[in-house]
Amino acid sequence: MSQKVLFIPSKQAPFEVGTAEIHKPGHGEILIKVQAIGLNPIEWKQHAFGLLIDSYPAIVGQDAAGVVEEVGAGVTNFVKGDRVAARGAFNSNAHATYQQYMLAPADLSAKLPSNISFEEAASLPTGVDTATVGLFGPMDAKLISPVETLGAYKGQSILIIGGSGSVGAYAIQLARLSGFTTIIATASARHEAYLKSLGATHVIDRNLPEAEVTQAVANISKGIKVVFDTITEENTQKIGWAVLASGGHMCTTHVTSIKPQEGDSRKAKWVLSVPTMPPNRPVCSAMWAQFTKWLEDGSIRPNKVEVIPGGLEGIAAGLDRLKTDQVSGVKLVVTL
Ligand SMILES: NC(=O)c1ccc[n+]([C@@H]2O[C@H](COP(=O)([O-])OP(=O)(O)OC[C@H]3O[C@@H](n4cnc5c(N)ncnc54)[C@H](OP(=O)(O)O)[C@@H]3O)[C@@H](O)[C@H]2O)c1
């Protein structure tokens, strides 16, 4: 059986729609009939620079939601017909999301409650995995996950740079479930009410000069032990590092340019949001097992989404908008 896919024929060649085989789920995997695909900044970078692509033609895509079509051996948490959100993998055409049918690991997928649409669910996988790995991963900030203990960080402060982005909006919500009393986010000022509805206690206009943002954060809290810089530009890293308290940890979403001086007890580290990496897998799979309940009871709200037209054929235009910074406070999604 074949299916419709969006692929990159060769390095930097324009995306093309074509056909490919539908794969059988292996042990521990599910085959998903994709209904909605979320677009991520990494995907335009993969297209433009060939990042994380070893061979062509390549199918990419990290975020999807759909219906379980078939379960592989050993899968006990899904049956055919379940609605799910699932993460794509790098360097595997069978496991990418820009296609009608994809494979995904069952333990890193979430069953969707009826109050969550496929479009909303397609905003979840990468954003939630990245926030989870950064905050709770054993190679990153190593916080106690709210899956284990809700509210472990009462009385403490956290800074989330880029709170209106997909990763930032999930990091704010997981910080709220972790009990942080003070959750400071930077974003454009128009997103203040939205971010406060997710759990931010303070929102600082990210368009202010760097020194003013830094001062505003320092005025709110002098004891910030965790910074999540979801943007990781030169100035956002400087802001995060300037307010990070001793012994603190700063997560970055790209290679960090911060070089701590000898004797500095603080760390800055690039989060690698790959849930299948053995150190990350337990914390991510525990998170996904919990997510159905949190989505159902409203503890976690999906990103706001903007559905763009064209299905697979509409993806290239959406990626151009991400590339040119024309996306603010929403996740772009296509439906199939
Ligand atoms: N390392 C990893 O494994 C990993 C995983 C996921 C993502 N990433 C990377 O992390 C970054 C964020 O991903 P995402 O999916 O969250 O992106 P996104 O949703 O597309 O981010 C868009 C948001 O970025 C905000 N923004 C841009 N410049 C900012 C600044 N200087 N200060 C504060 N906010 C700023 C905008 O805020 P306003 O509209 O409010 O101005 C906008 O809402 C991307 O570069 C992505 O490639 C890395």
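Residues numbered from 1 in each chain as written. Predicted model: local features only at pLDDT ≥ 70, side-chain atom pairs only at ≥ 80, totals over all residues. Heavy atoms only, no water.

Caption draft 1: Region of the structure containing the overall build of the chain. Looking only at helices and strands, the chain features nine helices and 15 strands. In terms of its C-alpha atoms, the chain occupies a principal-axis envelope of roughly 60 × 40 × 40 Å. Per-residue burial over the chain gives 56% buried out of 336 residues. Sequence separation of 24 or more characterises 66% of the internal contacts of the chain that already satisfy a separation of 6 or more. Surface exposure of the chain reaches about 13800 Å², of which carbon and sulfur atoms provide 54%. On the chain, the mean spot of the 29 positive side-chain charges and the mean spot of the 30 negative ones are 4 Å from each other. (Helix = DSSP H or I, 4+ residues; strand = E, 2+ residues; numbered from the N terminus. Buried < 20%, exposed > 50% of the residue type's maximum accessible area, 1.4 Å probe, protein only. Contact = heavy atoms within 4.5 Å. Areas by Shrake-Rupley, 256 points an atom, 1.4 Å probe, with all protein chains shown as cover. Lys, Arg positive; Asp, Glu negative; His and termini not counted. Charge placed at Lys NZ, Arg CZ, Asp CG, Glu CD.)

Caption draft 2: Representation of the packing of aromatic side chains within the structure. This model, assessed by the stated rule, comprises five aromatic pairs. A ring pair is formed by Phe-291 and Trp-294, whose centres lie 6.1 Å apart and whose planes are at 65°; its orientation type is edge-to-face. In this pair, Phe-291 and Trp-294 both sit in helix 8 (residues 281-296), three residues apart, roughly one turn of the helix. Side by side, Phe-291 and Trp-294 carry an identical accessibility label, which is buried. In textbook terms, an aromatic cluster arises when at least three aromatic residues are bridged by ring pairs, as seen for Trp-288, Phe-291 and Trp-294. (Phe/Tyr/Trp six-rings, centres within 6.5 Å; stacked < 30°, edge-to-face > 60°.)

Caption draft 3: View of the site of the ligand. Lining the immediate environment of the ligand, one finds 29 residues, of which Ser-164, Ser-188, His-254, Val-271 and Ser-328 sit closest. Taking Ser-164, its side chain carries an N or O atom lying 2.7 Å from an oxygen atom of the ligand. Taking Ser-166, its main chain carries an N or O atom lying 2.8 Å from an oxygen atom of the ligand. For the ligand, the accessible surface in isolation is 930 Å², of which the surrounding protein chains cover 86%. Secondary-structure elements contributing two or more residues to the shell around the ligand are helix 1 (41-49), helix 3 (125-136), helix 4 (166-177) and strand 9 (182-187). Per-class residue counts for the shell around the ligand are nine nonpolar, 16 polar and four charged. Structurally, the shell around the ligand is a two-domain feature, drawing no fewer than three residues from each of domain 1 (2-124 + 302-335) and domain 2 (128-270). (Near = heavy atom within 4 Å. Polar contact = N/O pair within 3.5 Å; in protein donor to acceptor, adjacent residues only side chain to side chain. Nonpolar A, V, L, I, M, F, W, Y, C, P; charged D, E, K, R; others polar. Domains from an automatic or database assignment.)

Caption draft 4: Spatial organisation of the UniProt feature "domain: Enoyl reductase (ER)" (unreviewed entry) in the chain. Residues given the UniProt feature "domain: Enoyl reductase (ER)" (unreviewed entry) here are residues 18-334. Here residues 18-334 is 28% helix and 24% strand, with 17 Å between the C-alpha atoms at its ends. (UniProt positions renumbered as here; feature names shortened; annotations may be inferred.)

Caption draft 5: Highlighting the nonpolar core. Residues Leu-112, Leu-124, Leu-174, Leu-195 and Phe-291 are the most contacted members of the largest nonpolar core, which totals 51 residues. Looking at this core, the elements with two or more residues in it are helix 2 (118-121), helix 3, strand 8 (157-161), helix 4, strand 9, helix 5 (192-198), strand 11 (224-229) and helix 8. When residues of this core are assigned to their parent elements, the largest contribution, eight residues, is made by helix 4. Each of domain 1 (2-124 + 302-335) and domain 2 (128-270) contributes no fewer than three residues to this core. The contact partners of Leu-112, leaving out residues within four places of it in the chain, are Ala-65, Arg-83, Val-84, Ala-85, Phe-118, Ala-121, Leu-124 and Leu-295. Counting residues in hydrophobic clusters, the runner-up holds 34 residues, among them Leu-6, Ala-58, Ala-64 and Ala-104. (Core = buried A, V, L, I, M, F, W, Y, C linked by side-chain atoms within 4.5 Å.)

Caption draft 6: Region of interest: the pattern of salt bridges. Taken as a whole and judged by the stated rule, the model has 12 salt bridges. Lys-4 serves as the salt-bridge partner of Glu-313, at 3.4 Å between the closest nitrogen and oxygen. Of the two residues, Glu-313 is situated in the loop between strand 14 (305-307) and helix 9 (315-323) and Lys-4 in strand 1 (residues 2-7); the sequence distance between them amounts to 309 residues. Using a relative accessible area of 47% as the deciding quantity, one classes Glu-313 as partly exposed. (Salt bridge = Lys/Arg side-chain N within 4 Å of Asp/Glu carboxyl O.)

Caption draft 7: Quick look at the environment of Gly-137. For Gly-137, the location among the structural elements is in the loop between helix 3 and strand 8. Among residues more than four places away in sequence, those in contact with Gly-137 are Thr-132, Lys-142 and Val-283.

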